[in-house]
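Read off the chains here:
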Amino acid sequence: MRAGSVTRTTEGAADDRRPVRFTHPTLAARAARVLRDNDTGTVITAAPRLYPHMWSWDAAFISIGLARLDVRRAIAELDTLFAAQWRNGMVPHIVFTENDAYFPGPDRWGTDGALDGPANVRTSGICQPPVHAIAVRRVLDIARRSGPDDRVRAERFARRIWASLYAWHRWLVEYRTPGSSGLIAIVHGWESGMDNSPRWDVPYDAVHPGAALPPYVRKDVHVVGDPDERPTDREYDRYLWLIEEMRRAGYDQRKIVENSSFLVGDVFITALFAMSCDVLIELGKEFGQETDRLDDLADWAAKARAAVAASCHSVSGMARDRDLRTNRWLDTQTIAGFSPLLCGGAPESVQLRLLSLLDSDRWCGHPGLLAPVPPSVSPMRPGFDPRQYWRGPQWPVVVWLFSWAFEQRGWHERARRVREGGIRLTDDGSFGEYYQPFTGEPLGSTDQSWTAAVVLDWLCAD
């Protein structure tokens, strides 16, 4: 038993491998405490020891949970993130605090002299998935049920931040849709949010770190108890070499896309982009934004959906990424393969095939899973590792995205089941970064802010 845990009966549970399950009110209180404890006063750090800075898509999810506690604080979190938006529209994947207990830190990224970088704030030089419009919509919806003061505050915020969200989406179209696939491209696996997913094994094989790679000392493996839960040193060499390439390009986005050793059309990000464009259109119509910008968003969403649909394998129906350097589809089957279920657009027959596969014993229906929610890789696939980051564990934030998307698509019963599975996965109250899918052991960092945030949103759902 982990320190601080309390044993109680597990009536109705599929098994008793975890001795702790908290009631919903207690679990909600613990989630709220994590968000408060991780608050520095200016940002909610992603996790107190492993991730002492602000991450882009973490901040989006965190704001959703914060809105359940304090709408004003939720707005402040997103304002802090967008204050670091680059002048070209990019929202950076890390906004650094003064804490130096993380590698690679701002000196390694070296963005201070970047032409389009923000003033008076230190950031990384890449992005993360564009889920921020979804977060703004969610904060607004919660605020409107909280009371008149919160409603006014959130509506003013949504109106004010809309142009920044549009600029962020425009950046993705202008700089990250090379070639004819229509997929949003990433230049580093970290941009996907799924850092070491087997989705990237083939394109990473083409990344050859040069002798000029500066030496480094990792810090993450000294924080996480089991280094096997983290990416390998060999993987880190490649990660850091890509950063070195960007530094040498002066973070000129066109040069990076043209020359980076890694350039992949990301089907999962493309699906999220389509959904976020839809949300931004809704907000724009409500708050009187210009018609031509709304038309842009509608066009971008349609093209993104078409790109996701075009990526689907003719037999499995699974969506695929595309290696834009070799112009080949990447057939590795991971959770990203279900992207058409998030954004729609694929033929109904394909979506039905994907729903059947998602429910099958290859995915959520696998008899060994503690909670019936999708792991990052199918337990029946070669190379599945139940403890290794994005190579098998279950991630509560991804579960939240599926539950939210299913609700938007009108699949209410399916959304409810996914939501309940997510609560089952996290009800030990550790708020792990990710979870061993058979035992429910929390892996990576515990007291992870975005995990606490999505659990709080689930528990407070109407």
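On a predicted model such as this, the values are computed, not experimentally measured, just so you know.

Colleague: Describe the confidence of the model for the protein, listing the residues and the values that go with them.
Modeller: Do not read the predicted coordinates in detail wherever pLDDT is low. Residues of the protein with pLDDT of at least 70 account for 92%, and the chain-wide mean is 92. Per-residue pLDDT stays below 50 along residues 1–16; that stretch engages in 23 contacts with residues further than four places along the chain or on separate chains.

Colleague: I'd love a proper account of the sheet that holds strand β5 (residues 321–323), names of residues and values included.
Modeller: In spatial order, the strands read β3-β4-β5-β6; together these four strands make up an open sheet with antiparallel pairing. Of all the strands in the sheet, the pair left with one neighbour each is β3 (185–186) and β6 (328–330). Pairing of β5 with β6, which is carried by three bridges, proceeds in the antiparallel orientation. By the bridge assignment for β6, Asp321 is matched with Leu330.

Colleague: I'd love a proper account of the nonpolar core, names of residues and values included.
Modeller: Of all hydrophobic cores here, the largest spans 156 residues; its most connected members are Phe61, Phe338, Trp400 and Phe402. When residues no more than four places from it in sequence are discounted, the contact partners of Trp400 are Phe61, Ile64, Ile134, Arg138, Val454, Asp457 and Trp458.

Colleague: A description of helix α17 (residues 449–459) should follow, citing residues and the corresponding values.
Modeller: Burial analysis of α17 places 11 of its 11 residues in the buried class, which makes it a mostly covered element. Looking at α17, one finds that the buried residues are Ser449, Trp450, Thr451, Ala452, Ala453, Val454, Val455, Leu456, Asp457, Trp458 and Leu459.

Colleague: Tell me about empty space enclosed by the protein, and name the residues and values.
Modeller: Following the criterion strictly, the structure yields two cavities of 30 Å³ or more and no others. In terms of lining residues, the largest cavity is bounded by 24 residues, among which Tyr51, Trp55, Gln128, Asp195 and Tyr389 are the most central. Mapped onto the lining of the largest cavity, the elements with two or more residues apiece are α2 (56–67) and α9 (233–248). Lining the second largest cavity, in full, are Arg199, Val267, Ala319, Arg320, Asp321, Leu330, Thr332, Thr334, Ala336 and Gly337.

Colleague: Break down the environment of Ile126 for me, citing the residues and quoting the values.
Modeller: On the secondary structure map, Ile126 appears in the loop between α4 (106–109) and α5 (132–146). When the C-alpha positions of Ile126 and Trp109 are compared, they lie 9.5 Å apart, and in sequence the two are 17 residues distant. Sequence-distant contacts of Ile126, defined by excluding residues within four places in its chain, comprise Met90, Val91, Pro92, His93, Trp109, His188, Trp190, Glu191 and Met246.

Colleague: Lay out the pattern of salt bridges in plain terms, naming residues and giving numbers.
Modeller: This structure, assessed with the given rule, holds 33 salt bridges. Taking the shortest distance from any N to any O, the salt bridge between Arg137 and Asp141 comes out at 3.2 Å. Of this pair, Arg137 and Asp141 both sit in helix α5, four residues apart, roughly one helical turn. A relative accessible area of 11% places Arg137 in the buried class. Among the salt bridges present, the one from Asp266 reaches Arg199, with a minimum N-O distance of 2.7 Å. Taken together, the residues span a long stretch of sequence, with Asp266 in the loop between β4 (264–265) and α11 (267–286) and Arg199 in the loop between β3 and α7 (201–205) at a distance of 67 residues. Judged by relative accessible area, which is 0%, Asp266 ranks as buried.

Colleague: Describe in detail unusual backbone geometry, supporting the description with residues and values.
Modeller: Of note, the amide linkage connecting Phe103 to Pro104 takes the cis form, showing an omega dihedral of 0 degrees. One can find Pro104 in the loop between β2 (94–95) and α4. With a phi close to 60 degrees, Asn327 is a non-glycine residue in the positive phi region. Located in the positive-phi region is Asp447, a residue other than glycine, with phi close to 50 degrees. Counting through the fold element by element, Asp447 comes out in the loop between β8 (442–443) and α17.

Conventions adopted
- Residues numbered from 1 in each chain as written.
- Predicted model: local features only at pLDDT ≥ 70, side-chain atom pairs only at ≥ 80, totals over all residues.
- Heavy atoms only, no water.
- pLDDT = per-residue confidence, 0-100.
- Contact = heavy atoms within 4.5 Å.
- Pairing = 2+ DSSP bridges.
- Helix = DSSP H or I, 4+ residues; strand = E, 2+ residues; numbered from the N terminus.
- Core = buried A, V, L, I, M, F, W, Y, C linked by side-chain atoms within 4.5 Å.
- Buried < 20%, exposed > 50% of the residue type's maximum accessible area, 1.4 Å probe, protein only.
- 1 Å grid on protein atoms, 1.4 Å probe; cavity = no way out; pocket = protein on both sides within 12 Å on 5 of 7 lines; lining within 4 Å.
- Points joined across faces, edges and corners; volume = space filled by probe spheres on them.
- Salt bridge = Lys/Arg side-chain N within 4 Å of Asp/Glu carboxyl O.

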